[in-house]
Amino acid sequence: MNEQELKSLLQAIEPADAEAIAKAKARQLSLAKPPGSLGKLEDIAVQLAGITGKQFNSLQNKRIIVMCADNGVVCEGVSSTPMSVTLSQAMNMTRHLTGMSSLAKYTGAQVEVVDIGINADYSHPLILDRSMGKGTKNLYKEPAMTRQQAIDAIAVGIERAFAAKEDGIDVIGTGEMGISNTTTSAAVLSALTGLSVEDVTGRGAGLTDDAFEKKKHVIQTALQLHQPDPKDPIDVLAKVGGFDLCGMCGTFLGAAMKKLPVVIDGYISIVAALCACRLAPLAADYMFPSHSSFEIGYLKAAQEIGLQPYLDMGMRLGEGSGCPLAFQIMDCACAFTNTMATFEEAAINDDYLDQLKKGDSFTVKR
């Protein structure tokens, strides 16, 4: 895919259906409950209606798309975990042995594992080969990838979202596996927002004090060296990002193009979502935030998009582990909307709620 082709695809993204949203808000008002009493569940139901154009939705088929890639910056000592774990955990995901994949199996969600840049020679029939290369370059010394590689990696994510739609998937989740990708995510978030490295960098899977200071130094040095353009998300991703971030960014964009609900996981995922929104602001209409990551930069990125996560459980695993939880919440939003009685059906006179109904209690809170 060349850059002009990508731009053409982005221009085709449409906003959520305003008429369907209005009808969904009206249905929420008709259900036998105080207005707004189910909080974010009502927001989710309204948002889903805007995406699908239908008042009654069912998310039977779910898939978590996991982008796996290595990052050259790992050699700078910014992670306590060896690079070899990327491949090991990618393989374990296919066997439902990781945190995310065990939750996915329990909740009935499919897991699609994509090699978008694992630095290893291997053969595995259940890992989809879309590799951009054996990991990125070391961003501490040179740009992580070329601009064309970034575009190609975004195209992989778009392709996988399109494939999910063709397969009859109702909702997708975004996941990743790549040692040192909290470093790349912090660098991308700082570059896009102008926030200081201190404000967006956490300890990832766990670092000593010395290693944590080194991590921040590496990010700061890379930003000063490469001067990524905050108005050009592709430039930012190419210079200080990772193949997994690019692929996830593409997944969000592809979901919006195909009018498919897509769940944001944790820190890496929400930084990729921010990249997608900077490329196509309407993509936010299709996003559902799962949980607030323990990483300090998460809420900064969420605020940039205008999102409020559903859960705050101190989670910081990544992989897409928040997606199965969000899927269950979204199922509940569909369940009560589809089956709850209206005031008329429940034989309840709702005149006493007239004053409350005059307020707009049902704005979708992204």
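One can find the structure itself at the top, above this paragraph.
Here the structure is a predicted model, which is why all the values come from computation and not from measurement.

Conventions we followed
- Residues numbered from 1 in each chain as written.
- Predicted model: local features only at pLDDT ≥ 70, side-chain atom pairs only at ≥ 80, totals over all residues.
- Heavy atoms only, no water.
- Helix = DSSP H or I, 4+ residues; strand = E, 2+ residues; numbered from the N terminus.
- Rg over C-alpha atoms; globule rule 2.2 N^0.38 Å.
- Buried < 20%, exposed > 50% of the residue type's maximum accessible area, 1.4 Å probe, protein only.
- Lys, Arg positive; Asp, Glu negative; His and termini not counted.
- Charge placed at Lys NZ, Arg CZ, Asp CG, Glu CD.
- Phe/Tyr/Trp six-rings, centres within 6.5 Å; stacked < 30°, edge-to-face > 60°.
- Lys NZ or Arg CZ within 6 Å of the ring centre and 35° of its normal.
- Pairing = 2+ DSSP bridges.
- Axes fitted to C-alpha atoms, helices over the stretch in contact; angles between N-to-C directions.
- Expected span 1.5 Å × (residues − 1).
- Contact = heavy atoms within 4.5 Å.
- Core = buried A, V, L, I, M, F, W, Y, C linked by side-chain atoms within 4.5 Å.
- 1 Å grid on protein atoms, 1.4 Å probe; cavity = no way out; pocket = protein on both sides within 12 Å on 5 of 7 lines; lining within 4 Å.
- Points joined across faces, edges and corners; volume = space filled by probe spheres on them.
- Nonpolar A, V, L, I, M, F, W, Y, C, P; charged D, E, K, R; others polar.
- Salt bridge = Lys/Arg side-chain N within 4 Å of Asp/Glu carboxyl O.
- Polar contact = N/O pair within 3.5 Å; in protein donor to acceptor, adjacent residues only side chain to side chain.
- Parallel < 35°, antiparallel > 145°, perpendicular 65-115°, else oblique.

## Notes on the overall build of the protein chain
(1) Moving on: For the protein chain, the count of helices and strands is 15 helices and six strands.
(2) Moving on: Taken against the 2.2 N^0.38 rule, which gives 21 Å for 366 residues, the C-alpha radius of gyration of the protein chain at 21 Å falls within 12% of a compact globule.
(3) Moving on: Projected onto the principal axes, the alpha-carbon positions of the protein chain cover approximately 70 × 45 × 40 Å.
(4) Moving on: Within the span of the protein chain, comprising 366 residues, buried residues form 55% of the whole.
(5) Moving on: In the protein chain, 33 side chains carry a positive charge and 42 a negative one; their mean positions are 0 Å apart.

## Considerations on the packing of aromatic side chains
(1) Moving on: Enumeration according to the criterion identifies zero aromatic pairs in this entry.
(2) Moving on: The ring centre of F212 lies 4.2 Å from the NZ or CZ of K216, which sits over that ring.
(3) Moving on: The aromatic ring of F162 is capped on one face by K258, whose charged end is 4.6 Å from the ring centroid.

## Focus: the sheet that holds strand β1 (residues 62–69)
Pairing between the strands of a sheet is mediated by backbone hydrogen bonds and can be parallel or antiparallel.
(1) Moving on: Taken in spatial order, the six strands of this open sheet run β3-β2-β1-β4-β5-β6, and their pairing is parallel. Every interior strand has two partners, whereas the edge strands, β3 (127–129) and β6 (287–289), have only one. Direction aside, the axes of adjacent strands within the sheet are offset by 30° on average.
(2) Moving on: Relative to strand β2 (residues 110–117), β1 is paired through seven bridges, and the arrangement is parallel. Considered in β2, the bridge of R63 is made with Q110.

## Regarding helix α3 (residues 39–52)
(1) Moving on: An ideal rise of 1.5 Å per residue puts 20 Å on 14 residues; α3 measures up with 21 Å between its terminal C-alpha atoms.
(2) Moving on: Judged by how many residues are buried, α3 sits mostly within the fold: ten of 14 residues are covered.
(3) Moving on: By the burial criterion, the buried members of α3 are E42, D43, I44, A45, V46, Q47, L48, A49, G50 and I51.
(4) Moving on: Check the buried side of α3 and you find it contacts α2 (18–30), β6 and α14 (322–339).
(5) Moving on: Taken from the residues just after α3, G53 is the one with a positive phi, measuring 80°.

## Examining unusual backbone geometry
Trans peptide bonds make up the majority, and among non-glycine residues the majority have a negative phi.
(1) Moving on: One non-glycine residue, H96, lies in the positive phi region at around 60°.
(2) Moving on: Mapped onto the secondary structure, H96 falls in the loop between α4 (84–94) and α5 (99–107).
(3) Moving on: By relative accessible area, H96 is classed as partly exposed at 29%.

## Brief notes about the nonpolar core
Nonpolar side chains in soluble globular proteins tend to end up buried together.
(1) Moving on: Judged by nonpolar contacts, the single largest core of 104 residues is most densely connected at I172, V188, L253, I270 and M287.
(2) Moving on: What L253 contacts, discounting residues up to four positions off in sequence, is L10, I13, I154, I158, A276, L279, A280 and A283.
(3) Moving on: Counting residues in hydrophobic clusters, the runner-up holds five residues, among them A16, I21, A24 and A49.

## Focus on the layout of surface pockets
(1) Moving on: Roughly 490 Å³ of volume is contained in the largest pocket.
(2) Moving on: Every residue lining the largest pocket is counted, 30 residues in all, and those nearest its centre are N181, T182, A205, R316 and L317.
(3) Moving on: The set of elements that each furnish at least two residues to the lining of the largest pocket consists of α4, β4 (171–177), α7 (181–193) and α12 (267–279).
(4) Moving on: In the lining of the largest pocket, the residues fall into nine nonpolar, 14 polar and seven charged.
(5) Moving on: In this structure, the second largest pocket encloses a volume near 180 Å³.

## Notes on the pattern of salt bridges
(1) Moving on: One pass over the full model with this rule turns up 18 salt bridges.
(2) Moving on: A salt bridge links R160 to E159, with the shortest nitrogen-to-oxygen separation between them at 2.6 Å.
(3) Moving on: We classify R160 as buried; its relative accessible area is 9%.
(4) Moving on: We note a salt bridge from D235 to K239, for which the minimum N-O separation is 3.3 Å. With D235 and K239 both in helix α10 (residues 233–240) and four residues apart, the pair spans about one turn of that helix.

## Overview of the side chain of S190
(1) Moving on: Relative to the elements of secondary structure, S190 occurs in helix α7.
(2) Moving on: S190 gets classed as buried once you look at its relative accessible area, which sits at 8%.
(3) Moving on: A polar contact is formed between the side chain of S190 and the backbone oxygen of L195, at a distance of 2.7 Å.
(4) Moving on: Ignoring anything within four residues of it in the chain, the contact list for S190 reads L195, S196, V197, V200 and L223.

## So, the packing of α3 against α14
(1) Moving on: For the pair α3 and α14, interaxial distance at closest approach is 9 Å and the crossing angle is 80°. As the angle between them shows, α3 and α14 are arranged roughly perpendicular. Counting all contacts with α3, which are made through L41, E42, I44, A45 and L48, the residues of α14 involved are I329, M330, C332, A333, C334, F336 and T337.
(2) Moving on: For the contact of α3 with α14, the class distribution of residues is ten nonpolar, one polar and one charged.

## Digging into the environment of S293
(1) Moving on: For S293, the position within the fold is in the loop between β6 and α13 (297–305).
(2) Moving on: Once residues lying within four places of it in the same chain are set aside, the contact partners of S293 are G266, Y267, Y298 and M315.
(3) Moving on: A polar atom in the side chain of S293 sits 3.1 Å from the backbone nitrogen of E295.

Without other data, these values stay purely geometric and don't point to any function.
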